[in-house]
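An overview of the molecular structure
Okay, here's what each chain looks like letter by letter:
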Amino acid sequence: MKTAVRVADRFGVMEAARVIRNGGLAAFPTETVYGLGASALNETAVENIYAVKGRPADNPLILHICDISQFYACTEQTPDYCAALISAFWPGPLTVVALKKSSVPAWGTAGLHTIAIRMPSNQTARLLIEYAQTPVYAPSANVSGKPSSTSAQHVLRDLDGKIDIILDGGSCVHGLESTVLDVSCGLPRILRPGFITAEMVCAETGLYPELESLRGKPKSPGMKYAHYAPKAELTVINGAPERAAALINERAGDEDKYIGILATSQTINMYDKSKYLVLNAGDRSRPELIGASLFAALRSFDDKGVDIIYAEGIADSGVGAAVMNRLTKASGGRVVDV
Ligand code: TXA
Ligand code: MG
């Protein structure tokens, strides 16, 4: 199959919408990461999403909608605070997991009694859903297990020849996937941290959501798999900037492999750029900016053939919790505290 790449203007969006209506696969930009979309009404198309990504069949997808009525058409017994969440954060980077109406088909939801739904704020994404005249199931547009795609080039790299069309809408503003918030058990619970933080949810609902820990049995099926992992072995070094950099230098000096270092603005000058591939993740006090470029940085270590990556950890609060969640998962749990 030849994968078409189109600018995300009106014509491109109309073409991609036609692809989706006809049962094909279209990658599209959202404010978080690129999605790989298929018609929610087409079982074969949804199965094809799993096939091209190599995604485990028990990992459910997020339904992307362009109208709030579509949320209530698919869910039942949603708690009252749900309306406050929706009016505060939709359209935007929040996915709500709620009890699914039995009339909603089982494909896409991996046979669960819940369904994950979000309304993206990205204009292209919403227009695409509107023109497709159907809600769209869309996981992140990457090969399963790899870092998510935050540009059309990343999508092409992973899925060229396997999908019908890619809408190029430039780089994603947030760069990290949506916050997944489960409301199906009454109290809200964050299954995947993102740009919408626990504090923000609490401010709207008066309820401080529990945060699913990276250890223990995952409630979100997707969280049990290896994720966001570059080819190189990644270790996260947590601690004050100077101490983290000192430990990374010590460890990197021991190796005879090609070393990549994900530094921060606070430490970038503490590394020898003639010996290592050093990338600046950004200012530690601006986790949202670090999040925006994280996946692109992990992908560029791979592109340059790095064997081992050391990444500095940042404060695990606010959007920093989302950054640390992705880094910890990318490391497969190799986290060192200094
Ligand atoms: O920002 C995003 O959410 C992006 C863009 C494209 O919208 N999408 C995305 O989809 O990240 P994906 O498939 O890569 O991640 C969806 C996550 C997985 O961890 C999955 O297990 C979880 O949502 N999920 C989906 N349905 C669920 C459900 N019913 N209960 C619990 N977790 C669910
Ligand atoms: Mg994903």
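Residues numbered from 1 in each chain as written. Chains lettered and ligands numbered in written order. Predicted model: local features only at pLDDT ≥ 70, side-chain atom pairs only at ≥ 80, totals over all residues. Heavy atoms only, no water.

**Thoughts on the pattern of salt bridges**
The tally for this structure, following the rule as stated, stands at ten salt bridges. For Glu-31, the salt bridge goes to Arg-118, with nearest N and O atoms at 2.7 Å. Here Glu-31 is found in the loop between strand 2 (26-28) and strand 3 (35-39), whereas its partner Arg-118 is found in strand 6 (residues 114-118), with 87 residues between them in sequence. Considered together, Glu-31 and Arg-118 belong to a single accessibility category, that of buried residues. For Glu-212, the salt bridge is made with Arg-189, and the minimal N-O distance between the two is 3.5 Å. Highlighted residues: Glu-212 in the loop between strand 11 (210-211) and strand 12 (233-238) and Arg-189 in strand 10 (residues 189-192), separated in sequence by 23 residues. (Salt bridge = Lys/Arg side-chain N within 4 Å of Asp/Glu carboxyl O. Helix = DSSP H or I, 4+ residues; strand = E, 2+ residues; numbered from the N terminus. Buried < 20%, exposed > 50% of the residue type's maximum accessible area, 1.4 Å probe, protein only.)

**Section: the domain arrangement of the chain**
Each assigned domain of the chain is listed with its residue range as follows: domain 1 (4-211) and domain 2 (233-337). Each side of the interface is counted separately: domain 1 has 21 residues, and domain 2 has 16 residues. Taken together, the two surfaces of domain 1 and domain 2 that pack against each other cover about 1400 Å², and 60% of this comes from carbon and sulfur. The largest share of the area that domain 1 buries against domain 2 comes from Pro-147, Leu-176 and Pro-193, three residues that together contribute 39% of it. Linking domain 1 with domain 2 are three salt bridges, by the criterion used here. Taking the shortest distance from any N to any O, the salt bridge between Glu-177 and Arg-326 comes out at 2.7 Å. In terms of residue count, helix 6 (residues 152-159) provides more of the side of domain 1 that touches domain 2 than any other element does, three residues in total. Among the residues making up the side of domain 1 that touches domain 2, the classes are represented as six nonpolar, ten polar and five charged. (Domains from an automatic or database assignment. Contact = heavy atoms within 4.5 Å. Buried area = accessible area lost by both parts, 1.4 Å probe. Nonpolar A, V, L, I, M, F, W, Y, C, P; charged D, E, K, R; others polar.)

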